[in-house]
Amino acid sequence: MLTRSIGEISMTVLTSNTIEIRSGDDVVRVRQEVRSRAVESGFSLVDQTKIVTAASEIARNTLDYGEGGTLLIERLEEVGRRGVRLTFEDQGPGISDIERALTDGYTSGGGLGLGLGGAKRLANEFHIQSQPGKGTRVTIIRWK
Amino acid sequence: MDRIPILKLGDALLVTIQVDMHDRLAMALEEDLTAKIAATHARGVLIDISALEIVDSFIGRMLDNIAAVSRVLDAETVVVGMRPAVAITLVELGLSLAGVKTALNVERGMTLIEDRIHADAVDRGDLDDRPDE
């Protein structure tokens, strides 16, 4: 898995916008916005579907476990490629054991436990930072 | 709140999902379908997802649940019309929808359900032309 830290390489942020995630309607809006940005970046239908699905999984986590939060959507460009970066942030209870949260089948709610691990598989780059009591930030990038 | 319409088609129920699935809408559909199977004694449920642009783990779980509950109520669920990009993404996400039968389109799905109803009728002897012992 690629875990190069963001910012080391020259990367241009073409556009950015922020969406509040406070309700189920917002999760639907996240999917629509991410789809639009992926289309603008020239993503294939499969790549669009992958990043929108990953966004849906993480947005639901932000809503259900993070008590709501925000999503920053950025269209990126670096030498020879374009991509979309999604940064989900919440000030919820945080995740005490990230490795476990990334394991398929692990869930603290009633879900299938595929959310984070599945989103990680659907992205090219995946970063998660969490501090118990402070919140969680998940960043994913999918390149065209 | 919006509801997804459920149509009766012979011994089957047909659900065509045409909107972006809201979590609450998905849960309402699960309940409505269960009630409708019981009320109509339907033997099959066809869920057409050809308009769905994504299926995430929540919607996948809903499909799995509907199939499991239907089975308990003696109805077979067939999910039809999944887009290729959705299928690719679902598998990568880790969802195999193991408990759900799938078919390429409504027609083929309907055939699956009719075959099952026919096979059951033969098992019961309704369509058996051999003389009773």
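Residues numbered from 1 in each chain as written. Chains lettered and ligands numbered in written order. Predicted model: local features only at pLDDT ≥ 70, side-chain atom pairs only at ≥ 80, totals over all residues. Heavy atoms only, no water.

Asks: With reference to specific residues and values, describe the overall build of chain B.
Replies: Helices and strands together make up the secondary structure of chain B, namely 4 helices and 5 strands. Across chain B, helices and strands are ordered from the amino to the carboxyl terminus as β-β-α-β-α-β-α-β-α. Radius of gyration (C-alpha) of chain B: 16 Å, near the 14 Å computed for a compact globule of 133 residues. Taking the contacts inside chain B whose residues are at least 6 apart along the sequence as the reference set, 72% of them involve residues at least 24 apart. Per element, the accessible surface of chain B, about 7,000 Å² overall, is 53% carbon and sulfur. (Helix = DSSP H or I, 4+ residues; strand = E, 2+ residues; numbered from the N terminus. Rg over C-alpha atoms; globule rule 2.2 N^0.38 Å. Contact = heavy atoms within 4.5 Å. Areas by Shrake-Rupley, 256 points an atom, 1.4 Å probe, with all protein chains shown as cover.)

Asks: Account for the packing of helix α1 (residues 24-40) of chain A against helix α2 (residues 45-64) of chain A, naming residues and giving values.
Replies: All names here are of chain A. Put simply, α1 and α2 touch, their axes get as near as 9 Å, and they point 150 degrees apart. Accordingly, the angle class assigned to the pair α1 and α2 is roughly antiparallel. With respect to the hand of their crossing, α1 and α2 are arranged in right-handed fashion. From α1, G24, V27, V30, R31, V34, R35, A38 and V39 reach across to α2, where they touch L45, Q48, T49, I51, V52, A55, S56, A59, R60 and L63. Broken down by class, the residue content of the contact of α1 with α2 amounts to 11 nonpolar, 4 polar and 3 charged. (Axes fitted to C-alpha atoms, helices over the stretch in contact; angles between N-to-C directions. Parallel < 35°, antiparallel > 145°, perpendicular 65-115°, else oblique. Left-handed = near helix turned anticlockwise from the far one by under 90°. Nonpolar A, V, L, I, M, F, W, Y, C, P; charged D, E, K, R; others polar.)

Asks: Which residues make up the pairing of strand β4 (residues 125-131) of chain A, and what are the values?
Replies: All names here are of chain A. Here β4 runs beside strand β5 (residues 135-143); their pairing, made up of 7 bridges, is antiparallel. In the strand pairing of β5, Q129 is matched with R137. The hairpin turn running from β4 into β5, its antiparallel successor, is 3 residues long, and G133 in that turn takes a positive phi close to 85 degrees. (Pairing = 2+ DSSP bridges.)

Asks: Please give an account of the interface of chain B and chain A that cites residues and values.
Replies: Opposite the 19 residues of chain B that make contact, chain A presents 23 residues. Of the roughly 1,900 Å² buried where chain B meets chain A, counting both sides, 56% is carbon and sulfur surface. For the chain B face of the interface with chain A, the top three residues by lost area are I54, E92 and L93 of chain B, together amounting to 29%. Where chain B packs against chain A, one counts 5 salt bridges. A salt bridge links E92 of chain B to K50 of chain A; the shortest N-O distance between them is 2.9 Å. At the boundary of chain B and chain A, one finds 10 residue pairs in polar contact (both at pLDDT 80 or more). Elements with a contribution of two residues or more to the side of chain B that touches chain A: α2 (57-72) and α3 (84-93) of chain B. Per-element tally for the side of chain B that touches chain A: the top contributor is α3 of chain B, with 6 residues. For the side of chain B that touches chain A, a count of residues per class yields 9 nonpolar, 4 polar and 6 charged. (Buried area = accessible area lost by both parts, 1.4 Å probe. Salt bridge = Lys/Arg side-chain N within 4 Å of Asp/Glu carboxyl O. Polar contact = N/O pair within 3.5 Å; in protein donor to acceptor, adjacent residues only side chain to side chain.)

Asks: So what's going on with the pairing of strand β3 (residues 44-48) of chain B? Which residues, and what values?
Replies: All names here are of chain B. Along β3, 5 of the 5 residues are buried, which leaves the element largely enclosed by surrounding structure. The side-chain alternation of β3 yields two buried faces, one formed by G44, L46 and D48 and the other by V45 and I47. Across 5 bridges, the pairing between strand β2 (residues 12-16) and β3 is parallel. Considered in β3, the bridge of L13 is made with V45. Handedness of the crossover is the feature at issue here: the chain leaves β2, passes through helix α1 (residues 23-40), returns alongside β3, and the resulting connection is right-handed. In the sheet, β3 pairs with strand β4 (residues 76-80) via 5 bridges, with the strands oriented parallel. Pairing of I47 across the sheet is with V79, part of β4. Taking the sense of rotation as the criterion, the β-α-β connection linking β3, α2 and β4 turns out right-handed. (Buried < 20%, exposed > 50% of the residue type's maximum accessible area, 1.4 Å probe, protein only. Right-handed = clockwise from strand over helix to strand, strands pointing away.)

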